[in-house]
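# Report on the structure
So the chains spell out like this:
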Amino acid sequence: DAKTTQPNSMESNEEEPVHLPCNHSTISGTDYIHWYRQLPSQGPEYVIHGLTSNVNNRMASLAIAEDRKSSTLILHRATLRDAAVYYCILRDPFISNFGNEKLTFGTGTRLTIIP
Amino acid sequence: DVKVTQSSRYLVKRTGEKVFLECVQDMDHENMFWYRQDPGLGLRLIYFSYDVKMKEKGDIPEGYSVSREKKERFSLILESASTNQTSMYLCASGTLALNTGELFFGEGSRLTVL
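Quick caveat, the model's predicted, so the values are computed rather than measured. (Residues numbered from 1 in each chain as written. Chains lettered and ligands numbered in written order. Predicted model: local features only at pLDDT ≥ 70, side-chain atom pairs only at ≥ 80, totals over all residues. Heavy atoms only, no water.)

Along the backbone of chain A there are one helix and nine strands. The linear arrangement of helices and strands in chain A, starting from the amino end, is β-β-β-β-β-β-β-β-α-β. Principal axes of the C-alpha set define a box for chain A whose edges measure 45 × 30 × 25 Å. Every one of the 115 residues in chain A was classed for burial, and the buried ones make up 46%. (Helix = DSSP H or I, 4+ residues; strand = E, 2+ residues; numbered from the N terminus. Buried < 20%, exposed > 50% of the residue type's maximum accessible area, 1.4 Å probe, protein only.)

Shown next, in the form of structure tokens:
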């Protein structure tokens with residue numbers, strides 16, 4: 001399974017943009033890049049995902065490098081409620097459709113927002 | 001709203017006891033997963049299941065077993081609990097058609113083994 005590498009922790013000031021990096025140098029052509037976040041005392045929740053093109057939703061933006069070996073989750077204006085652990089994972093829909101998808105989350109990036 | 005419900009938020013058990021952690025999802029998802037989460041180690045996959053009565057080992061299956069008798073329910077079993085199984089346990093579910101791929105997690109079950 002392709003792996004991802006993220007910084008252990010990051011800090012950002014409130015109301016400023018945050019760029020959370022993820023390296024996935026062994027990504028395959030069919031892997032989708034997914035981001036989840038885990039707020040304190042909660043289970044992880046889905047944030048965004050993409051394959052090649054940059055993606056936007058109400059929570060965040062995902063910028064994917066042209067070679068797909070790295071990606072960046074962008075929070076455009078961080079609030080205190082964005083303080084969480086952010087996980088970047090790779091998912092292969094062809095593997096999952098055969099029912100043997102082994103999803104590994106790793107340790108993620110702990111984002112601290114400074115008021 | 002999609003919901004993944006874990007039976008207990010907090011449990012305290014004694015060494016050697018048999019422990020059942022239950023997880024129920026209401027979205028007819030094929031895939032279900034059990035993770036444990038420990039400080040500094042992130043989320044580690046224990047077992048997963050992609051269909052009723054089917055199960056696959058994750059990265060740390062030792063000391064655990066699972067049961068999936070019905071599609072909506074995935075149980076994690078600690079046959080003889082040990083103190084090193086004190087942890088937060090998280091259940092997740094998702095569909096097979098995963099190019100959209102959202103996983104849904106429960107709120108977690110914090111198990112303390114004394």
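Residues and elements named next belong to chain A. Even without being glycine, arginine 68 reaches a positive phi, approximately 65 degrees. On the secondary structure map, arginine 68 appears in the loop between strand S6 (61–64) and strand S7 (70–75). With a relative accessible area of 10%, arginine 68 lands in the buried category.

Looking now at the pattern of salt bridges. Residues and elements named next belong to chain A. Scanning all chains against the criterion turns up 10 salt bridges over all chains. A salt bridge links aspartate 82 to arginine 37; the shortest N-O distance between them is 2.9 Å. Residue aspartate 82 is located in the loop between S7 and strand S8 (84–91), and its partner arginine 37 is located in strand S3 (residues 32–38); the two are separated by 45 residues in the primary sequence. The exposure class of aspartate 82 is buried, given its relative accessible area of 13%. (Salt bridge = Lys/Arg side-chain N within 4 Å of Asp/Glu carboxyl O.)

Residue and element names in this part refer to chain A. Mapped onto the elements of the fold, alanine 63 is located in strand S6. Remark: the alpha-carbon pair of alanine 63 and tyrosine 87, spanning 24 residues in sequence, is separated by 15 Å. When sequence neighbours within four positions are dropped, the list of residues in contact with alanine 63 reads Asn54, Ser71, Thr72 and Ile74. (Contact = heavy atoms within 4.5 Å.)

As a further point, take the nonpolar core. Residue and element names in this part refer to chain A. Of all hydrophobic cores here, the largest spans 21 residues; its most connected members are Leu20, Ile33, Trp35, Leu73, Leu75, Tyr86 and Leu111. At four residues, the largest contribution of residues to this core is made by S8. If sequence neighbours within four positions are ignored, leucine 20 has contacts with Met10, Trp35, Ser71, Thr72, Leu73, Tyr86, Thr109 and Leu111. (Core = buried A, V, L, I, M, F, W, Y, C linked by side-chain atoms within 4.5 Å.)

The next thing to look at is the packing of aromatic side chains. The way to describe two aromatic rings as a pair is by their centre distance and the angle between their planes. All chains considered together, the criterion is met by 10 aromatic pairs over all chains. When the ring of tyrosine 36 of chain A is compared with that of phenylalanine 105 of chain A, the centres are 5.6 Å apart and the planes differ by 70 degrees; the resulting orientation is edge-to-face. Of this pair, tyrosine 36 of chain A sits in strand S3 while phenylalanine 105 of chain A is found in the loop between helix H1 (93–97) and strand S9 (109–114), placing the two residues 69 residues apart along the sequence. Both residues of the pair, tyrosine 36 of chain A and phenylalanine 105 of chain A, belong to the buried class. Ring centres of tyrosine 64 of chain B and tyrosine 89 of chain B lie 5.9 Å apart, and the angle between their planes is 65 degrees; on these two criteria the pair is classed as edge-to-face. Of this pair, tyrosine 64 of chain B sits in the loop between strand S6 (56–57) and strand S7 (65–70) while tyrosine 89 of chain B sits in strand S9 (residues 87–94), placing them 25 residues apart in sequence. Both residues of the pair, tyrosine 64 of chain B and tyrosine 89 of chain B, count as buried. (Phe/Tyr/Trp six-rings, centres within 6.5 Å; stacked < 30°, edge-to-face > 60°.)

It is worth spelling out the pairing of strand S11 (residues 109–113) of chain B at this point. Residue and element names in this part refer to chain B. Judged by which residues are buried, S11 turns out to be one-sided: Ser109, Leu111 and Val113 face inward and are buried, whereas Arg110 and Thr112, on the alternate face, are not. For strand S2 (residues 10–13) and S11, the ladder comprises four bridges, and the chain directions are parallel. Looking across to S11, one finds that leucine 11 is bridged to leucine 111. Here S9 pairs with S11 via three bridges, running antiparallel. Note that in S11 the partner of serine 87 across the bridge is leucine 111. (Pairing = 2+ DSSP bridges.)

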